[in-house]
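Examining the three-dimensional arrangement
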Amino acid sequence: MKIVANVKNANAQQLFQDCAALAKQRGETLGEYLQPRFSHLAKRAENLTEAMKSARSVVGLEEKDEMRDAALKTLIVGVKGYTALPFPEKQSAAQVLLEVIERHGGLSIVNLPYKEESGILDSVEHEFSSAENAARIKLLDGVGELSSALWAANAAVKTLNLQNTQSKAADGASAYEIKKELILYFNTQIEPYLLLMQNDEHLGSFASEIFAAVAKANATAPKKAKK
């Protein structure tokens with residue numbers, strides 16, 4: 001079970017502390033793969049705690065990033081819709097634009113640390129701005145507006161980050177940035193291995209304990225409003 005991206009800082013902090021405590025109880029029995037990874041998780045969890053204690057936390061960055069992620073998802077849905085229409089010219093244009101987004105990571109872009117996400121979206125915007133792609137966008141009603149909304153949302157995240165350069169934790173990262181880094185690390189370095197170990201005689205119960213903690217944290221994440 002992966003950690004959802006929009007778990008709030010406080011709930012993520014508690015989750016990583018719980019994971020670190022569970023791993024500490026197991027000690028060397030975790031094995032040579034999991035032990036160093038949970039050790040890294042525990043150290044960065046301490047950094048997250050210190051960053052959250054600081055009154056200099058970046059205000060509003062999480063909300064701006066969530067708006068940016070939503071804008072990207074909406075753009076992808078919009079472009080994909082054109083690839084299914086029976087209009088060859090529009091379909092071809094949409095396929096080229098979709099290829100640009102997916103070559104940069106597609107929906108997985110939203111899981112990147114926010115600085116990296118900003119850079120990736122800058123690159124997507126640059127490709128969308130070429131003369132050829134600008135012409136393609138004009139063929140697709142609404143896509144120009146959706147892409148402009150994404151560029152604006154990306155600019156807002158970058159601007160807020162710049163305005164809060166003094167609002168950083170001692171190690172140079174905000175609480176939100178550390179949280180997002182830890183979620184990505186857990187989801188890519190730890191969760192896949194624990195899935196494989198669910199029925200293992202020695203690590204199965206540990207995997208269950210970790211996934212129970214993840215499920216508890218995920219349950220606190222804001223739910224999307226139903227249309």
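Anything mentioned here points back to the structure above.
The present account deals with the structure reproduced in this document. As the structure is a computational prediction, the values presented were derived from the model and not from experiment. Counting restarts for each chain: residues are numbered from 1 in the order of the written sequence. It should be noted that, the model being predicted, local features are given only for residues of pLDDT at least 70 and side-chain atom pairs only at 80 or more, the latter also being counted only at that level, while totals for whole chains, interfaces and linings use all residues. Remark: hydrogens and water are excluded; side-chain values derive from all non-hydrogen atoms of the structure.

1. Here we look at the packing of aromatic side chains
We count it as follows: Any two rings among Phe, Tyr and Trp, with Trp reduced to its six-membered ring, count as a pair given centres within 6.5 Å; such a pair is stacked if its planes are under 30 degrees apart, edge-to-face if over 60, and tilted if neither. Only DSSP runs of H or I with at least four residues qualify as helices, and only runs of E with at least two residues qualify as strands; both kinds are numbered from the N terminus onward. Throughout, exposure labels follow a simple rule: accessible area from a 1.4 Å probe, protein chains only, divided by the maximum for the residue type, with under 20% read as buried, over 50% as exposed, and the rest as partly exposed.
Under the criterion given, the structure shown has three aromatic pairs. Geometrically, the ring pair formed by Tyr33 and Tyr193 is stacked, given 4.4 Å between the ring centres and 25° between the ring planes. Of this pair, Tyr33 sits in helix α2 (residues 31-53) while Tyr193 sits in helix α8 (residues 175-196), placing them 160 residues apart in sequence. Among the residues examined, Tyr33 registers a relative accessible area of 28% and is labelled partly exposed. For the pair Phe38 and Phe206, a centre-to-centre distance of 5.3 Å together with 75° between the ring planes defines the contact as edge-to-face. Here Phe38, found in helix α2, pairs with Phe206, found in helix α9 (residues 204-218); they are 168 residues apart in sequence, far enough to count as distant.

2. Overview of the packing of α8 against α9
For clarity, the cut-off: All axes here are fitted lines through C-alpha atoms, helices being fitted over the stretch that makes contact, and every angle between N-to-C directions spans 0 to 180 degrees. In this scheme, roughly parallel covers angles under 35 degrees and roughly antiparallel covers those over 145, while 65 to 115 is roughly perpendicular and the rest are oblique. Two helices crossing with the near one rotated counterclockwise from the far one by less than a right angle form a left-handed crossing, whereas a clockwise rotation gives a right-handed crossing. We call two residues contacting when some pair of their heavy atoms lies within 4.5 Å. Here the term charged refers only to Asp, Glu, Lys and Arg, the term nonpolar to Ala, Val, Leu, Ile, Met, Phe, Trp, Tyr, Cys and Pro, and the term polar to all other amino acids, Gly among them.
Two numbers describe how α8 lies on α9: the axes approach to 9 Å, and their chain directions differ by 135°. It follows that α8 is oblique to α9 by the angle criterion. Of the two possible hands of crossing, α8 and α9 adopt the one that is left-handed. For the pair α8 and α9, the contacting residues are Phe186, Glu191, Leu194 and Leu195 in the first and Phe206, Ala207, Ile210, Phe211 and Val214 in the second. Here the contact of α8 with α9 is composed, by residue class, of eight nonpolar, no polar and one charged.

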